[in-house]
Amino acid sequence: MSARALGFAGLLLGSSAFGAAPSEVASIPEAAPAAPQLAPRWSVEVDGDRVLVSLHVRNLDDAAVDVMVARGTLPGANVSARVGVDTFLEPVLSREARVQTFSRMGPMPRYAVAGAGEELLVGTWEFARTKEQRAEPITLEASVWAGLDRVTFEWTGSGDGSPVVAASS
Amino acid sequence: MIGGAFVTFAASSLLDEDGRPVAEVGSPLYEGVATEIVACPYHDARRGLPMNRSALRQLGAAWPSVVATARALAGPSPTVHAAWCAAVVGLAAPVVWSHQRGGAPVPRALSASFKTSLGMSQVLTALLLSDAAMAGAPLGSLGSRDDFFAVLDQGRWLVGQDQVCAGTPGQIGELFDALCGADGDAALDPALRSLAPLAPWRDEAALAIARSVGWLATLAARRRGGVRAPGGARGAAWLSGDVPPWLRAVLAVPNRPPEHALRLYPAGEAPAALVAFLTAVPEQLDA
């Protein structure tokens, strides 16, 4: 391969999607397994200027799958909360969690096995909002690592925490 | 000297001349310093996430030196491998300084270079692993600074797993240009120059990273083969703190064989010690 044919695409493949680069796929005989099928179960509570979120996932496959349930003392999944188009709510983190969040070494991930049909808690989160934001709809986006894949979910609800759109994957 | 200490991030126990821990919140010393945390204001994937403004202020104060040093280390028309080596120098320098100076506080410029090199080395390692021909390719041939930033942003390299880079988009682009050998001031910071010759400890640190990549890829291959992280000594090795978690992102591609660690070097230039290590790892695990 010439240098001109190279580019930055490997960074996209290697960083976020947990997907296989074409050159890697070509080197293995069998097809890569499909991404795990997971169903989310959100729990959203509001308490004034605090939004409390928890997320469970259920394994819909027949085979067991490893799910990241924690990274150090942080939740195993990533969840962001926003109001409006692009205003993200600030997560409320403990001192210990802040330390781990900022460490590029990163907190140590821990996995749990979700058997067929089994449900696991992948994290709880707390977000802060202003008084003015209390009436605005909330959108939650989650990334859950299962096996070698990242599965994403979204939840949208009103400012009082009740869903206005069913949870979807 | 560097190998084990580098891989286990001895830098996390060092303070710089500003009294800040070199590794910021990755350091057990972080609790003792005042740090300003703000929501990231940049219009990219980091927006709204917590950001360390105190570290950014320090980086800003040392920025001209950081860029000039990176340009000098990379050379006039660097390959991806050469740029990676430049980042490795920035990463290892605080440990070398502390070792040679009997634990003296790390100079601000070296502390700032460490922070930028940590992120850049992570990205460049992933780039090198992505293709066997990457090591010999000129970094500047891969795309522009805007292309580079766009890929970092799109791939969430600036966030990673909850890890927010505090560098501005302009700083990231400027550092990329410097590592590509673009015109500008090129001079080693005096503190770094005092650690010369650089090549011996740079090569030792690079080898430590390559060994880590090979080690992690071997463990990942075993896991794919149905060997779950077991208990006992082997389980401890599996989840050992000696394994640098920041390298895990470069192993996100499934089915990566351990010998891909050789891709960190141009074809035929991998150290014999790395080849020997890759051969020995399976035997050690089976022992």
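The structure presented is a predicted model; accordingly, all values stated were derived computationally and were not measured. (Residues numbered from 1 in each chain as written. Chains lettered and ligands numbered in written order. Predicted model: local features only at pLDDT ≥ 70, side-chain atom pairs only at ≥ 80, totals over all residues. Heavy atoms only, no water.)

**Some details on the overall build of chain A**
Right, so step 1: Helix and strand content of chain A: three helices and twelve strands.
Right, so step 2: For chain A, contacts bridging at least 24 residues in sequence account for 66% of all contacts bridging at least 6.
Right, so step 3: With an accessible surface of roughly 8000 Å², chain A has 53% of that area assigned to carbon and sulfur atoms. (Helix = DSSP H or I, 4+ residues; strand = E, 2+ residues; numbered from the N terminus. Contact = heavy atoms within 4.5 Å. Areas by Shrake-Rupley, 256 points an atom, 1.4 Å probe, with all protein chains shown as cover.)

**What about the packing of helix H2 (residues 53–74) of chain B against helix H3 (residues 80–100) of chain B?**
All names here are of chain B.
Right, so step 1: Where H2 meets H3, the axes come as close as 8 Å, and the angle between the chain directions of the two elements is 130°. Accordingly, the angle class assigned to the pair H2 and H3 is oblique. Our pair here, H2 against H3, has a crossing hand that is right-handed. Note on element contacts: H3 touches H2 through Ala82, Ala86 and Val89, opposite Ala70, Leu73 and Ala74.
Right, so step 2: Across the contact of H2 with H3, the residue classes break down as six nonpolar, no polar and no charged. (Axes fitted to C-alpha atoms, helices over the stretch in contact; angles between N-to-C directions. Parallel < 35°, antiparallel > 145°, perpendicular 65-115°, else oblique. Left-handed = near helix turned anticlockwise from the far one by under 90°. Nonpolar A, V, L, I, M, F, W, Y, C, P; charged D, E, K, R; others polar.)

**Points about the packing of aromatic side chains**
Residues and elements named next belong to chain B.
Right, so step 1: Per the counting criterion, the structure on display carries two aromatic pairs over all chains.
Right, so step 2: Centroid distance Trp84 to Tyr265: 6.1 Å. Interplanar angle 80°. Geometry classified as edge-to-face. With a gap of 181 residues between them, Trp84 in helix H3 and Tyr265 in the loop between helix H9 (232–238) and helix H10 (272–286) connect regions that are remote in the sequence.
Right, so step 3: Relative accessible area serves as the criterion here: at 8%, Tyr265 is assigned to the buried category.
Right, so step 4: Taking the centre distance of 4.4 Å and the plane angle of 15° together, the rings of Phe148 and Phe176 count as stacked. Taken together, the residues Phe148 in helix H5 (residues 145–154) and Phe176 in helix H6 (residues 169–179) connect sequence positions 28 residues apart. (Phe/Tyr/Trp six-rings, centres within 6.5 Å; stacked < 30°, edge-to-face > 60°. Buried < 20%, exposed > 50% of the residue type's maximum accessible area, 1.4 Å probe, protein only.)

**Regarding the confidence of the model for chain A**
All names here are of chain A.
Right, so step 1: Of all residues in chain A, 70% have pLDDT values of 70 or greater, and the mean over the chain is 74.
Right, so step 2: No element of chain A has a lower mean pLDDT than helix H2 (residues 22–25), at 30, and none a higher one than strand E2 (residues 50–59), at 95.
Right, so step 3: Counting contacts from residues 14–33, a segment whose pLDDT is below 50, to residues more than four positions away or on other chains yields 36 contacts.
Right, so step 4: Counting contacts from residues 102–106, a segment whose pLDDT is below 50, to residues more than four positions away or on other chains yields 21 contacts. (pLDDT = per-residue confidence, 0-100.)

**Digging into the packing of helix H4 (residues 108–130) of chain B against H6 of chain B**
Residue and element names in this part refer to chain B.
Right, so step 1: Contact geometry of H4 with H6 gives a least axis separation of 12 Å together with a crossing angle of 65°. Considering the relative orientation of H4 and H6, their crossing is right-handed. On H6, the residues that touch Thr116, Met120 and Leu124 of H4 are Leu175, Phe176 and Leu179.
Right, so step 2: When the residues that make up the contact of H4 with H6 are grouped by side-chain class, the tally is five nonpolar, one polar and no charged.

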